[in-house]
Every structure is written in structure tokens, then in C-alpha cells.
Amino acid sequence: MNTNKRICIIYTGGTIGMVPSEHGYVPKAGVFEPLLRSINDIHRPEFPDWELVEFSPLLDSSNIAVGDWNKIGRVIDQHYDEFDGFVVLHGTDTMAYTASALSFMLENLNEPVVFTGSQIPLCMLRSDGLDNIVNAILIAASGRVHEVCLYFGGRLLRGNRSTKMSADLLEAFDSPNAPHLAETGIDIQYHDTVIRPKGVGKLHLQEFIDVPIGVLKVFPGIQFDLFESIMTEKLKGVVFEAFGAGNIPSRPGSNLLPLVERAYRSGTVIVVCSQCQQGSVSLGTYETSSGLARADAVSGGDMTIEAAVTKLYYLFSCGYDKETIREKMEQNLCGERS
Ligand code: ASP
């Protein structure tokens, strides 16, 4: 029995549709749809109806930029009423960034947008693409989720909590600070209590503008003065990847704090996230993070770097002033932080 659910598959590129070339795997226009049609499961009567929108050019997701996030958002916005859900096929390298970006961009979303891809191309032996795409389509047609999520290697994750954990395992993604939305085994087990409620009102697409954002990973011996000019003049927002619960080198001579203070005065929003995959930033727990709080940096809490970066893009694109952006960075807008 066909559910009569209609799913729009947006194919942006990534390993799932790549073919070998003399310079390594590349996406190639026109090869994916015939490959997809060669999968038996897709032709079962109980399988949802689907249509494929293929992007041009197809991208290795290392090349994805802000304009491509907008392009995906526009396709969803334009076809929203025609489909019951969307599956976005995307490279794994930056999938968590794009899923995070779309979770902010698609305000009032009440349909599922499921990102997936694969570690092994669909045209190769042992591809994980088959399981990923079939389950992603079934999840998108299930009526059980209505948020931006990411299905990969048996796990359904909230998009803005997900992060790529492994360059080679087939269970490549996880959401270390948030429970899985579902797992696939013989059945698909949904965890209804952690799935977000449907958005209320009409879908609104908040396109992003290409604001200058930076990420600075702190390491022992970092010479902060080398980063002075970008931090105080050019960047609108900086995400610090600090140690542990938000700590930074603070011995005399490590002059980050005056830079942070100056950056704040010149209008830059500084967000502190952790280099640890799991756990939360807590500014002021240690003396080595208390200066950041005094210098008006904001805590990224347990947000992923991907969520913090894309949230900054979103808030600047909404046109908020610096103080509002600082406040909203510390609030939970769409499940991105506890
Ligand atoms: N480089 C590829 C991409 O992100 C990797 C993948 O899809 O697994 O597009």
C-alpha cells in the first residue's frame, strides 16, 4: 500500500552520488537518478512517491558556502505545499553545518527535512548510501518528525545537534549533547518525547547574508596578538573553541582578554564553545574563564561549533543589534542548546 506521501529529494552532491576520477571521487551531473531508480526498494508499492531536484553544479560539500544554504532553503520554501517532506542529499564533510543552518533559516517549519548522504558512493560495493537514503525517505514520509534532522548509520539526529565524528566509520555522525530522535533496527524506533513539536504559523525563510564570522581554536602556546586585526575590526562574530568548560590561557603575557574587550567595544560578538565534543561551557567556573565573562563574551553552552557558527549567521541576517544577538546566542531558539 502506497502511503501517497510525496517526498522531494534535493540532491546537492556529496559522496553518495560521486564517481571515481583521476583526481579522486567527484560528483557528476545526471548519474544519480538512474542509480537511485536501480534500487529495488524504491519500486515497492508501499514506498512513498518522490521527485528529485538535482543541483547544478553538484558540490563536494567542502565547497558549500552560505549562498548554497540559501539555495536549499529556497527549494524547500518554493515546494513546501507540494510535498509532505524533504530529503537533502549532501556530502558528509559539512552536512552538520548545513543542517544547522537550515534549522535556523526555516522558521515555523512543520514538515520534516532529513539530511543524509554516505561514506561510500552508491555506485560502489558496500555502499552505505542505500540504507541511508531508503530510511531517510521513510522517515520523511512517516509523519513522526517535523524538524531539520540528519539520518546516518542507523541514527536520526537533530540537525543542529549533529556533528561528524568519524572520517571513516559508517556511523559517521552523532549528537553528543542531545538524545537521538530515532534509531533504525528491524523497526524504526522514534523517541517522541525528544522530537520537537510542529512549528506554528506559516513557513518563513530567513535567508542568510554572508557576514564575516570567524572560529578561533585555542591551543597551548597560542600567540593571540597574531589574531588582533581580524578580531577587532573585520569580524562581526567570533566563536572561540576554548578548552574544557570554556577556559583559555590567562597567564600574564597571554593577552587575549584585552583583545576580547576591544572586540566587544568595536561591535564583535564573541561566543565561547568547547573543544570537547560532550558537555557544556560554564564561564567563571575556573579563573581561566572568568575573564571572558567579564569581557562580555557569551557562553555557547553545549552548542556544537556548527550550530554556533550558523546561529551567528542567522542572527546577523535577521538584522538584530549586537546586544540582542548576544542575548539570543544564550537562548535556545530551535533545540540547538539545552
Ligand atoms: N568530501 C565529501 C563531501 O563532503 C565527503 C562525503 O560526502 O562523505 O562532499
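For every chain, the first residue of its written sequence is number 1, and the numbers climb from 1 along that sequence. Residue-level local features of this predicted model are given only where pLDDT is at least 70; pairs of side-chain atoms are given and counted only at 80 or more, and the full residue set underlies all totals for whole chains, interfaces and linings. Where side-chain values are given, they derive from all heavy atoms of the structure, hydrogens and water being excluded.

(A) Geometry of the site of the ligand. What surrounds the ligand is the set Gly14, Thr15, Met18, Asp60, Ser61, Gly91, Thr92, Asp93, Ser118 and Gln119. We call two N or O atoms a polar contact when they sit within 3.5 Å, provided that within protein one can donate a hydrogen and the other can accept it, with sequence-adjacent residues counted only if both atoms are side-chain atoms. In this structure, threonine 15 approaches the ligand through a side-chain N or O atom, which is 2.8 Å from an oxygen atom. Aspartate 93 places a side-chain nitrogen or oxygen 2.7 Å from a nitrogen atom of the ligand. Residue-level accessible areas treat just the shown protein chains as cover; the underlying method is Shrake-Rupley with a 1.4 Å probe. Protein chains bury 90% of the 260 Å² of accessible surface belonging to the ligand in isolation. Proximity is defined per residue: if any heavy atom of the residue lies within 4 Å of a molecule or strand, that residue is considered near it.

(B) Looking closely at the pattern of salt bridges. Basic side-chain nitrogens of Lys or Arg form a salt bridge, by our definition, when they fall within 4 Å of a carboxyl oxygen of Asp or Glu. One pass over the structure, following the stated rule, counts 13 salt bridges. In this structure, arginine 6 and glutamate 51 form a salt bridge, with 3.3 Å as the shortest nitrogen-oxygen distance. Of this pair, arginine 6 sits in strand β1 (residues 6–13) while glutamate 51 sits in strand β4 (residues 49–59), and the two are 45 residues apart along the sequence. Note that aspartate 296 is salt-bridged to arginine 326, the shortest N-O span being 3.6 Å. Segments assigned H or I by DSSP are reported as helices when at least four residues long, segments assigned E as strands when at least two residues long, and all are numbered from the N terminus.

(C) Main features of unusual backbone geometry. In this structure, proline 57 follows serine 56 across a cis peptide bond, with omega equal to 0 degrees. By the secondary structure assignment, proline 57 is in strand β4.

(D) Examining empty space enclosed by the protein more closely. Only protein atoms enter the 1 Å grid used here, on which a cavity is any set of points holding a 1.4 Å probe that cannot leave and a pocket is any open set flanked by protein within 12 Å on both sides along at least five of seven lines; residues with an atom within 4 Å of a point are listed as lining. Grid points are joined across faces, edges and corners, and a volume is the space filled by probe spheres set on the points. Across all of its chains, the model carries one cavity of 30 Å³ or more by this definition. Lining the largest cavity are Thr12, Phe55, Pro57, Leu59, Ile64, Asp68, Lys71 and Ile72. Partitioned by chemical class, the residues of the lining of the largest cavity number five nonpolar, one polar and two charged. Under the scheme applied, nonpolar residues are Ala, Val, Leu, Ile, Met, Phe, Trp, Tyr, Cys and Pro; charged residues are Asp, Glu, Lys and Arg; polar residues are all the others, including Gly.

(E) Just the packing of aromatic side chains, in detail. For this analysis, a ring pair means two rings from Phe, Tyr or Trp (six-membered ring only for Trp) whose centres lie within 6.5 Å, classed as stacked if their planes differ by under 30 degrees, edge-to-face if by over 60, and tilted for the remaining angles. Within the structure shown, the criterion is met by eight aromatic pairs. Taken together through their ring pairs, the aromatic side chains of Trp69, Phe104, Phe208, Tyr313 and Tyr314 make up a single cluster. Whether a charge lies above a ring is judged from NZ of Lys or CZ of Arg, which has to be within 6 Å of the ring centre and within 35 degrees of the ring normal. Positioned above the aromatic ring of phenylalanine 55, the side-chain terminus of lysine 71 is 4.5 Å from the ring centre. Cation over ring: lysine 322 sits above tyrosine 264, and NZ or CZ is 3.8 Å from the ring centre.

(F) Main features of the environment of leucine 122. Inspection of the secondary structure assignment puts leucine 122 in the loop between β7 (113–116) and α4 (129–140). Categorising residues by exposure relies on relative accessible area from a 1.4 Å probe, with only protein chains included: less than 20% of the type maximum marks a residue as buried, more than 50% marks it as exposed, and the intermediate range marks it as partly exposed. Among the residues examined, leucine 122 registers a relative accessible area of 13% and is labelled buried. Note: C-alpha distance between leucine 122 and isoleucine 16 (106 residues apart in sequence) is 5.3 Å. For this analysis, residues touch if any pair of their heavy atoms sits within 4.5 Å. If near-sequence neighbours (up to four positions away) are discounted, leucine 122 is found in contact with Thr15, Ile16, Phe32, Leu35, Ile39, Ser127, Gly129 and Leu130.

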